Amino acid sequence: MGFRVQRRPAIVHEDNSQRLSNRTTTLSKRVLICGISGQDGTYLAKLLLERGFEVWGSSRDAEQTSFHNARQLGIYDSLHLVSLNLRDVGSTIGILQRIRPQQVYNLTGQSSVGLSFEQPVETVESIALGTLNLLESIRLTNRDIRLYNAGSTECFGDTGEEVANETTRFNPRSPYAVAKASAYWAVANYREAYELFACTGILSNHDSPLRPARFVTRKIIHGVASIAAGNETSLSLGNLDVERDWGWAPEYVEAISRMLEQPTPEDYIIATGQSHTLTKFVATAFELIGKNWRDYVVADQHLMRPTDILKNKVDPSKAAHKLRWTARSGMKDVICMMLEAQLRDSRMVAPKYERG
């Protein structure tokens, strides 16, 4: 997929106070997306740019980050990029004072459940401590800032046959979920104690072609495309019995943006409301290329997690009622769009599929 770079956007570090000062114009719609280089950050940036916002985004090292996703979506030249590590509260305060955003989206932190078992300290610090530092920085600089925090339905743990909603008790089963639960309660505490407009989106699994390759859904799509091309003969996976709610990331960022447009801050579950097993996900992907998954998938015990959630079912009806948001794409739609993109990148003909 080609793109054209006309000019390099401003990359501003915390010591470039004069340049940042010059950027603080009278524009009233300025946002800061912490973690803009990821899947959700890129799609959110694109959406907000289309709505007329001035979009600032941060990564730990803006000069070294490629921002490949932003380039791929053709928005790189429209962004204002800064280096920011939320674990450095002084730097965070400085960036907020200089950019003066009306909205801040906290999408940063280690994002893989599987990797969190290998890097538990990094996971907890980047998510829980980073969120706490951001909340404290907002409290000390400008309490009128509206904050969105990225949560996860992983916090509910194994729901069994029950369906979780916003009042369901958390039961995290991974370092990732523990960190997300901690961040959720920090946001709730600052909202109550300091009357901040701060809310958490409790998002189910959501995917797109921008999802990193280490995620199982992207691994499956890549494997299926490789098998269709004749480049691979098998696909190794872990527990196929897990059940999740899979949605389409570009739709989920619409819900995220609506949360900060509400008159009062509240937490919302963002999901399709339909859960499926990983077996069903795999089988559907192979069906789209006319093959039986059982002929290619190999169970690998090394890919099993120390603890896992068998079933994770959630109810997004609050978002439908208050945000006027519902998911338009189901699991099969997501698989088809991801597979189309993968096959297109591989210069193969994508299967024909009419969305239901």
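Source: prediction; values computed, not measured.

How should I be thinking about the pattern of salt bridges in this particular structure?
Here the idea is simple: oppositely charged side chains can pair when their charged atoms come close. As enumerated under the stated definition, the model contains 17 salt bridges in all. Note that Arg60 is salt-bridged to Glu122, the shortest N-O span being 2.9 Å. Remark: Glu122 occurs in helix α6 (residues 120-141) and Arg60 occurs in the loop between β3 (54-59) and α3 (68-72); sequence separation between them is 62 residues. According to the relative accessible area criterion, Glu122 is partly exposed, its value standing at 25%. Glu125 is paired through a salt bridge with Arg87; the nearest N and O atoms lie 3.1 Å apart.

What's the story with the packing of aromatic side chains in this structure? I'm lost.
Note on aromatic pairs: each is described by the distance of the centres and the angle between the planes. Applying the stated criterion across every chain yields a total of 10 aromatic pairs. Residues Tyr190 and Tyr194 carry aromatic rings whose centres are separated by 5.0 Å and whose planes lie at 55 degrees to one another, so their mutual orientation is tilted. In this pair, Tyr190 and Tyr194 both sit in helix α7 (residues 175-194), 4 residues apart, roughly one turn of the helix. According to the relative accessible area criterion, Tyr190 is buried, its value standing at 9%.

Looking at this structure, I do not really get the pairing of strand β7 (residues 197-203). What am I missing?
The two faces of the sheet receive side chains in turn, since in a regular strand these alternate between them. Across the 7 residues of β7, 7 count as buried, placing the element largely inside the fold. Because side chains alternate across β7, one face comprises the buried residues Phe197, Cys199, Gly201 and Leu203, and the other comprises Ala198, Thr200 and Ile202, equally buried. Here strand β6 (residues 146-152) runs beside β7; their pairing, made up of 7 bridges, is parallel. Bridge pairing links Leu147 to Ala198 in β7. Taking the sense of rotation as the criterion, the β-α-β connection linking β6, α7 and β7 turns out right-handed. One ladder, built from 3 bridges, connects β7 with strand β12 (residues 268-270); its direction is parallel.

Teacher, can you tell me more about the nonpolar core here?
If you look at the biggest cluster of nonpolar residues, it comprises 47 residues, and the most contacted ones within it are Ile33, Val55, Tyr105, Tyr148 and Ile270. Those elements that place two or more of their residues in this core are β2 (30-34), α2 (39-50), β6, α7, β7, α9 (249-259), β12 and α11 (317-323). No other element matches the 6 residues that α9 contributes to this core. If we ignore the near neighbours within four places in the chain, the residues touching Ile33 are Gly41, Leu44, Ala45, Leu48, Val55, Trp56, Gly57, Ser58, Tyr105 and Leu107. Residues Ala225, Trp248, Ala283 and Met331 belong to the second largest nonpolar core, which totals 30 residues.

Conventions used here
- Residues numbered from 1 in each chain as written.
- Predicted model: local features only at pLDDT ≥ 70, side-chain atom pairs only at ≥ 80, totals over all residues.
- Heavy atoms only, no water.
- Salt bridge = Lys/Arg side-chain N within 4 Å of Asp/Glu carboxyl O.
- Helix = DSSP H or I, 4+ residues; strand = E, 2+ residues; numbered from the N terminus.
- Buried < 20%, exposed > 50% of the residue type's maximum accessible area, 1.4 Å probe, protein only.
- Phe/Tyr/Trp six-rings, centres within 6.5 Å; stacked < 30°, edge-to-face > 60°.
- Pairing = 2+ DSSP bridges.
- Right-handed = clockwise from strand over helix to strand, strands pointing away.
- Core = buried A, V, L, I, M, F, W, Y, C linked by side-chain atoms within 4.5 Å.
- Contact = heavy atoms within 4.5 Å.

Everything listed here is a matter of geometry and, on its own, says nothing about what the molecule does.
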